[in-house]
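Each chain is listed here by its residues.
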Amino acid sequence: MSGQQHNQAIRNIAIIAHVDHGKTTLVDAMFKRSGVFRDGQVVQERLMDRLDLERERGITIAAKNCAVRWKDVKINIIDTPGHADFGGEVERALSMADGALLLVDAAEGPLPQTRFVLKKTLEAGLKVIVVINKIDRKDARPQEVLNEISDLFIDLDATDEQYEFPLLYAVARDGIAQRSPEEPAHNLDLLLDLIVEQIPAPAVRAEKPFQMLVSDLGYSDYLGRLAIGRVHNRSVRSGVPLVRIDIDGQQRALKVSRLQIYDGLSISETEQAEPGDIAVLSGIDEVHIGDTICTAEQPKARRRIAVDEPTVAMRFLRNNSPFAGREGRYVQSTRLGERLSKETLRNVSLRVESAADGEGYVVQGRGEFQMAILIETMRREGYEMGVGRPQVIFQVRDGVRQEPIERLFIDCGEEYVGIVTEKLSIRKGRLVNLVNHARGRARLEFSVPSRSLIGFRDEFLTDTRGTGIMNAYLEGYEAYRGDFPSRSTGSLVSDRHGQAVAYALFNLEPRGQLFIGPGTVVYEGMVVGEHNRDNDLDVNPCKTKKLSNMRAAGRDDNVILTPPRLMPLEAAINFIREDELVEVTPQSVRVRKTVLPAGERRRSGTR
């Protein structure tokens, strides 16, 4: 056998969609229809959301693999994230696929992350099947959504072949796929048949040596590090001498202890992985995403996975507050650095380097949401740390400083259009498009600097009474648009260590909005509230009422406090200024000054 052939027994498909368009629910239905579960077996929903944070937030954070069998064909399914901040996950997932299933909500239509993941898919030259989901919604508009999808394909320069995409309509929750909104169906047979018919079988060149591009990493307590990737050209058997080619082109011999492939939700051991299949190699001491694993006799590297440049940087520091070590297991700077370095092995879009002043680490990524997920994951693992305000990463091209620009899409009530436009224009945003269908809501499209969106989401939700929806994707780089005020308010900063009391907090309420309640233990330099004015104010939240032996003419009034404003992790990250940090522990999130003693802050002029 010579030349290019195809392994007709395998299909590799990535499922791409915007957040909350039913991607993981559709995978559940495919499991059930293909016979992964026996009849009557009780299974939990959203099986592919294996991380706690994914289940809590209803989003896919990490790309994951699984497989189903349909009519003697093995379909490897790669579940990809729908958020642009996890774009590195999308890029490495697509490196294993020959086609993609684009899922779009029948009411919301294609949203910014739909555009982001579809752009990556088309650039990779993959065949796309479009599924318009949730056609049972009362506000579904499938024909209009189809027109929007067609316009999106044209706008993204799809080829003629890609533009002639197969189309199905679905209710993923009920496990139904049909040819038209009116034509009834009872199962997903049409979709599974279409995947087998339309998605190209993986190409095979038997005259070329075995290669596997490492697209994902895992870890097993029993088998050690796992390298996951697609088998190219020839098949591979367990026990064959292999080499790993790293980013510098260096060849390093390795021995694979076990060869596995995906079978449903789990992986099973096999003696041989067929070309085109997705394999899991275990027992490799050192391997990185993008490395090539090949035979020792004919070593040849494949093109490494390319990812977009990071746009946001955050500083991670050892927790040096007076409460350090009380709530977490890992507080040392070296442990923090080791954990961040470990994260870069799995996430190709993250970069970690030591800070220029030697204090802590600078982590670069795609967005503040990606950073917040990383911090939340680490605190649940027992880490304590201090993190600074997200900073955008500027580039210098032809001597001109350029900044990342986002295309921002906003859906809000028409009565809020004025305030939203005003706030974004102050932040150097430019209104590009405005659509009002006279249904009470309007869609606005802005071109805004990435730095404008840091801390904007909470303000936006307040302005729209919690009813607004905003999404954005990176559009490119432009010349720096100029400065603008970031936060118009200051901070209320505790001037001593102690326990907050109701009497003191009641008297501080006219000064601003408080973040703490009575009984909260505070320390000097800890931010206890937001000042009404633009300057910081040192306050005493532990002050008690002076007592005397004189009986009052009437009884004292009861102190009734306004409920404090809760500061979860993302809100705290958005709130802080450049001279402030967020102290993160497994149990608490506190806002504090970088320099804690008030005297030092006065001398350095940072208050």
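Predicted model, so just to flag it, every value in this text is computed and none were measured. (Residues numbered from 1 in each chain as written. Predicted model: local features only at pLDDT ≥ 70, side-chain atom pairs only at ≥ 80, totals over all residues. Heavy atoms only, no water.)

The next subject is the overall build of the protein. Of regular secondary structure, the protein possesses 14 helices and 37 strands. Residues classed as buried in the protein amount to 55% of the 607 residues present. Partitioning the contacts of the protein with sequence separation of at least 6, the portion at a separation of at least 24 is 72%. (Helix = DSSP H or I, 4+ residues; strand = E, 2+ residues; numbered from the N terminus. Buried < 20%, exposed > 50% of the residue type's maximum accessible area, 1.4 Å probe, protein only. Contact = heavy atoms within 4.5 Å.)

Moving on: helix 5 (residues 142–155). Taking 1.5 Å of rise per residue, the 14 residues of helix 5 would be expected to cover 20 Å, and the 20 Å separating its terminal C-alpha atoms lies within 8% of that figure. Within the sequence span of helix 5, burial applies to P142, V145, L146, I149, S150, L152 and F153. Relative to the axis of helix 5, the buried residues are bounded by an arc of 160 degrees and lie together on one face. Seen from the open side of helix 5, the exposed residues pointing more than 90 degrees away from its buried face are D151 and I154. Taken together, the buried residues of helix 5 touch strand 5 (99–105), helix 4 (112–123), strand 6 (127–133), helix 6 (160–163) and strand 7 (167–171). Positive backbone phi, approximately 60 degrees, marks D157, located one or two places after helix 5. (Expected span 1.5 Å × (residues − 1). Arc of directions from axis to C-beta.)

Okay, helix 11 (residues 456–463) next. Every buried residue of helix 11 is listed here: F456, F460 and D463. Down the axis of helix 11, the buried side of the element spans an arc of 65 degrees, and every buried residue falls inside it. Once helix 11 finishes, R465 follows within two positions and takes phi at roughly 55 degrees, a positive value.

This next bit is on the pattern of salt bridges. Going through the model one piece at a time under the given rule, you end up with 43 salt bridges. With its nearest N and O atoms 2.8 Å apart, the salt bridge here joins R141 to E148. Classification of E148 by relative accessible area gives partly exposed; the value is 27%. Residue R173 is joined to D174 by a salt bridge in which the shortest nitrogen-to-oxygen separation is 3.6 Å. The structure contains a network of salt bridges with shared partners spanning D536, R577, D579, E580 and K593. (Salt bridge = Lys/Arg side-chain N within 4 Å of Asp/Glu carboxyl O.)

Packing of helix 1 (residues 23–34) against helix 7 (residues 189–198) brings their axes to within 10 Å, and their N-to-C directions diverge by 90 degrees. Here helix 7 runs roughly perpendicular to helix 1, going by the angle between their axes. When helix 1 is examined against helix 7, the residues L26, M30 and R33 are found in contact with a partner set consisting of D189, L191, L192 and I195. Across the contact of helix 1 with helix 7, the residue classes break down as 5 nonpolar, no polar and 2 charged. (Axes fitted to C-alpha atoms, helices over the stretch in contact; angles between N-to-C directions. Parallel < 35°, antiparallel > 145°, perpendicular 65-115°, else oblique. Nonpolar A, V, L, I, M, F, W, Y, C, P; charged D, E, K, R; others polar.)

Pairing is mixed across the open sheet formed by 4 strands, whose spatial order is 32-34-30-35. Lying at the two open borders of the sheet, with one neighbouring strand each, are strand 32 (512–514) and strand 35 (537–539). Going across the sheet, the axis of each strand differs from the next one's by a mean of 30 degrees, ignoring polarity. As paired elements, strand 30 (residues 491–494) and strand 35 share 3 bridges and run parallel to each other. Its bridge partner being in strand 35, V493 is matched across the sheet by D538. (Pairing = 2+ DSSP bridges.)

Across the interface, helix 10 (residues 417–426) lies against helix 11 with an axial gap of 10 Å and an inter-helix angle of 155 degrees. What the angle tells us is that helix 10 and helix 11 run roughly antiparallel. In terms of crossing hand, the pair formed by helix 10 and helix 11 is right-handed. Along its contact with helix 10, which presents I419, V420, K423 and L424, the element helix 11 presents F456, E459, F460 and D463. The residue inventory of the contact of helix 10 with helix 11, partitioned by class, reads 5 nonpolar, no polar and 3 charged. (Left-handed = near helix turned anticlockwise from the far one by under 90°.)

For the rest of this paragraph, the subject is the environment of K423. In this structure, K423 sits in helix 10. The sequence separation of K423 and F456 amounts to 33 residues, and the corresponding C-alpha distance is 9.1 Å. Not counting residues up to four positions away in its chain, the partners in contact with K423 are F456, E459 and D463. Of the polar contacts made by the side chain of K423, one reaches the side chain of E459; its length is 2.9 Å. (Polar contact = N/O pair within 3.5 Å; in protein donor to acceptor, adjacent residues only side chain to side chain.)

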